[in-house]
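Structural characterization, general
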Amino acid sequence: MTIALETRGLSKSWGQFKANDNVTFQLRTGARHALIGPNGAGKTTLVHLLSGLEMPTKGEVWMDGKCINSLPPAARTARGLVRTFQISSLFPELTVLRSMLIPILQRKKMGANAWLPLGKLDAEVEEAKQALLRLNLWQDRNTQVATLAYGRQRVLDIALALATGPRVLLLDEPAAGVPTEESRELIQIVADLPRDVTVLLIEHDMDLVFRFAERITVMVDGRILTEGTAAEISTHPRVREVYLGEEQHD
Ligand SMILES: Nc1ncnc2c1ncn2[C@@H]1O[C@H](COP(=O)(O)OP(=O)(O)OP(=O)(O)O)[C@@H](O)[C@H]1O
Ligand SMILES: [Mg+2]
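A closer look at the overall build of the protein
- Summing up its helical and strand segments, the protein has 9 helices and 10 strands in all.
- Dimensions of the protein, computed from the C-alpha atoms along their principal axes, are close to 70 × 40 × 35 Å.
- Taken over 250 residues, the protein has a buried fraction of 48%.
- Contacts spanning at least 24 positions in sequence make up 64% of the contacts within the protein whose residues lie at least 6 apart.
- Carbon and sulfur atoms form 51% of the exposed surface of the protein, whose accessible area is close to 12,000 Å².
- Charged side chains of the protein number 29 positive and 30 negative; the gap between the two group centres comes to 7 Å.

This is how it looks when you write it as structure tokens:
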């Protein structure tokens, strides 16, 4: 078992408030790992610390056996540590195919070619086609991103992130606001990604979490409450009490 990404005693405070408090956590290579916890638990803060958007008050982030605290976000992305934003909304007027060419060309250090006619970008169009086919978006290739259904836009966010060539993908509530049927499809697409992509998924919907995750980490009040297999977490009494809000009866 190898570790794709790791934190050691990671903490983030704003004044007296500890949004992340001594978080030590390992993401195994190839994992389908979910991070859950109530609102305000510190999950998004942890993703900010992992992606380099925020600096920790204390502790370290490690990738490939090296501390990457000093690396800015772009350098982490270049190493394959990628998070989704709602990047599809950056180019609402582009078609799905055109928007896919942007991260592909960037990855190939050919960003300046993004506006060439499609006929001059055969290799990149072919790569985009294969990616869109895999994510069931090829039939939408000529649709303007702004007019895509919301759930399809969220799948496109994932396609755009994948085009950057990630080894570790951090997904912060990718299915938020997506209707149930489509959100299941989206999470299944993520679960079925090639195993050389390690995935950390933040998600509130426990049905989706249990469909996706082999391991689950539970965060409460900035700390890790527990971690285990989906079966262990679903029966953990403190998790049921704290996260699922169930009263305990003796
Ligand atoms: N820049 C900031 N300054 C001060 N407090 C912050 C800042 N960013 C986040 N917080 C606080 O840190 C706590 C953790 O926030 P965070 O967004 O990480 O939680 P979360 O687990 O992602 O919650 P949700 O499930 O609602 O997305 C919250 O109480 C939030 O108000
Ligand atoms: Mg959050």
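Back to the text.
Thoughts on the sheet that holds strand β2 (residues 17-28)
- A sheet is described by the order of its strands in space; here 4 strands give the open sequence β2-β1-β4-β5, paired in antiparallel fashion. Of all the strands in the sheet, just β2 and β5 (66-67) have a single pairing partner and so form its edges.
- Each of β1 (3-14), β2 and β4 (58-63) is contacted by helix α1 (residues 43-51), which is oriented at about 115° to β1, the strand it contacts most.

Rules behind the numbers
- Position numbers for residues count from 1 along each chain, tracking the sequence in the order it is written.
- As a convention, the first chain written is A and the first ligand written is 1, with the rest following in written order.
- The model is predicted, so local features are restricted to residues of pLDDT at least 70 and side-chain atom pairs to those at 80 or more, both for listing and for counting; the totals for chains, interfaces and linings are taken over all residues.
- Just so you know, side-chain values use all the structure's heavy atoms and leave hydrogens and water out.
- Here a strand is any run of E in DSSP of at least two residues, a helix any run of H or I of at least four, and the numbering for each starts at the N terminus.
- Residue exposure (1.4 Å probe, protein chains only): buried if accessible area is under 20% of the type maximum, exposed if over 50%, otherwise partly exposed.
- Two residues qualify as a contact provided that any one of their heavy atoms is within 4.5 Å of a heavy atom in the partner residue.
- Note on areas: Shrake-Rupley, 1.4 Å probe, and residue coverage restricted to the protein chains presented here.
- Under this rule, positive means Lys or Arg and negative means Asp or Glu; His and the chain ends count for nothing.
- For charged residues, the charge sits on one atom: NZ in Lys, CZ in Arg, CG in Asp, CD in Glu.
- When DSSP finds two or more bridges between a pair of strands, those strands are recorded as paired.
- Simply put, an axis is a line fit to the C-alpha atoms, just over the touching stretch for a helix, and the angle between two N-to-C directions goes from 0 to 180 degrees.

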